[in-house]
Amino acid sequence: MAGKIYGVGVGPGDPELLTIKAARLIKNAGIIGIPAEHKETCKAYQIAAGAVEEIREKEVVPFPFLMTRDPERLKESHDRLAEKAAEYLDQGRDLVFLTLGDPAVYSTYMYLHRRLTAMGYEAEIVSGVTSFCAAAARLSVSLGDGSTPIHILPGSFPLEEGLSLPGTRVLMKSGKQMGAVKKALVSGEYEVLMAENCGMEGERLIGRAQDIPEDAGYYSLVIVKEKGETGR
């Protein structure tokens, strides 16, 4: 009988935000899959290790995802990694695949999930705390009140179009274009907050667009509201 793959969200950075279900699956895992070459440099693994000591005794299998915009190369990479996962599942071993935040939100795990379910394997998504919810909590702000819409936008989304949307706009992974983001936010009528490395070492919380560092890293998240909406 084939094993089962679990896409497990470990949250945004603070090990104490790991869910009870995630901790249980990690403790009982036959194999741990990580989206990186080495566990020492894998954020998701380090977060899980901060909450579940037993993970250090587990077999860890690397699933390094190719970083490219070439659709053909991406497809080849994802197909190859799915086949690699299938080899372990065919041995009857369950595979717990770790991912930052929640697997359903811009996660590389979903590329495996879709392929493996199409191949007939059993797969389950295990929710984790999202970075934008954790950041809102650290910044003591509500993402949405009443009928306010919430827009979760990746760094690749057109900035001008994103800022024209009503309600709360969450700009994720904007590190590479933070200079342009800051310029647009400073010149507009917005309430702006930012969290960098939320729950991780080197966390920075910013309460004004003017104070956003243009050298902010990859794990930077900006919350944009209309003037007066934050209550500050």
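Residues numbered from 1 in each chain as written. Predicted model: local features only at pLDDT ≥ 70, side-chain atom pairs only at ≥ 80, totals over all residues. Heavy atoms only, no water.

1. A word on helix α5 (residues 131–138)
Point 1. Burial in α5 covers these residues: Phe132, Ala134, Ala135 and Ala136.
Point 2. Following α5 by one or two positions, Ser140 adopts a phi angle in the positive range, close to 55°. (Buried < 20%, exposed > 50% of the residue type's maximum accessible area, 1.4 Å probe, protein only. Helix = DSSP H or I, 4+ residues; strand = E, 2+ residues; numbered from the N terminus.)

2. Describing the side chain of Thr130
Point 1. With respect to the element layout, Thr130 can be found in the loop between β5 (122–126) and α5.
Point 2. Excluding its chain neighbours within four sequence positions, the residues that come into contact with Thr130 are Pro12, Asp102 and Val105. (Contact = heavy atoms within 4.5 Å.)

3. Details of the sheet that holds strand β2 (residues 31–34)
Point 1. Ordered in space as β3-β2-β4-β1-β5, the five strands form an open sheet in which the pairing is parallel. Two strands close off the open sheet at either side, each with one partner strand: β3 (59–62) and β5. Neighbour-to-neighbour, the strand axes of this sheet turn through a mean angle of 25°, independent of strand direction.
Point 2. Here three bridges tie β2 to strand β4 (residues 95–99), and the two strands are oriented parallel to one another. (Pairing = 2+ DSSP bridges. Axes fitted to C-alpha atoms, helices over the stretch in contact; angles between N-to-C directions.)

4. Quick look at the pairing of strand β7 (residues 168–172)
Point 1. Counting buried residues along β7, five of its five residues qualify, which places the element largely inside the surrounding structure.
Point 2. Going residue by residue along β7, you find Thr168, Val170 and Met172 tucked away on one face and Arg169 and Leu171 tucked away on the opposite face as well.
Point 3. In this structure, strand β6 (residues 150–153) lies alongside β7, joined through four bridges in parallel fashion. The residue bridging Leu153 from the neighbouring strand is Leu171, located in β7.
Point 4. In terms of strand pairing, β7 meets strand β10 (residues 220–226) through four bridges, oriented antiparallel. Within the sheet, the bridge partner assigned to Leu171 lies in β10 and is Val222.

5. A word on the state of the cysteines
A covalent bond between the sulfur atoms of two cysteines is referred to as a disulfide.
Point 1. One pass over the full model with this rule turns up zero disulfides.
Point 2. Cys198 forms no disulfide, and the closest cysteine sulfur to it belongs to Cys133, at a distance of 10 Å. (Disulfide = S-S within 2.5 Å.)

6. Details of the environment of Phe157
Point 1. The topology assignment puts Phe157 in the loop between β6 and α6 (159–163).
Point 2. Separated by 14 residues in the primary sequence, Phe157 and Leu171 place their C-alpha atoms 8.8 Å from one another.

7. Details of the nonpolar core
Point 1. Counting 23 residues, the largest nonpolar core has Ile26, Ile32, Ile55, Val96 and Leu98 as the members making the most contacts within it.
Point 2. Listed by contribution, the elements that provide at least two residues to this core are β1 (4–9), α1 (20–28), β2, α2 (43–49) and β4.
Point 3. Excluding residues within four positions of it along the chain, Ile32 makes contact with Ile26, Ile55, Lys58, Glu59, Val60, Val61, Leu95, Val96 and Leu98.
Point 4. Listed in part, the 18 residues of the second largest apolar core include Ile31, Phe65, Leu95 and Leu116. (Core = buried A, V, L, I, M, F, W, Y, C linked by side-chain atoms within 4.5 Å.)

8. Some details on the environment of Leu74
Point 1. Take Leu74: it is sitting in helix α3 (residues 71–89).
Point 2. A C-alpha to C-alpha distance of 9.9 Å links Leu74 and Tyr111, two positions 37 residues apart in sequence.
Point 3. In this view, Leu74 contacts Leu66 and Thr68; residues no more than four positions away in its chain are not counted.

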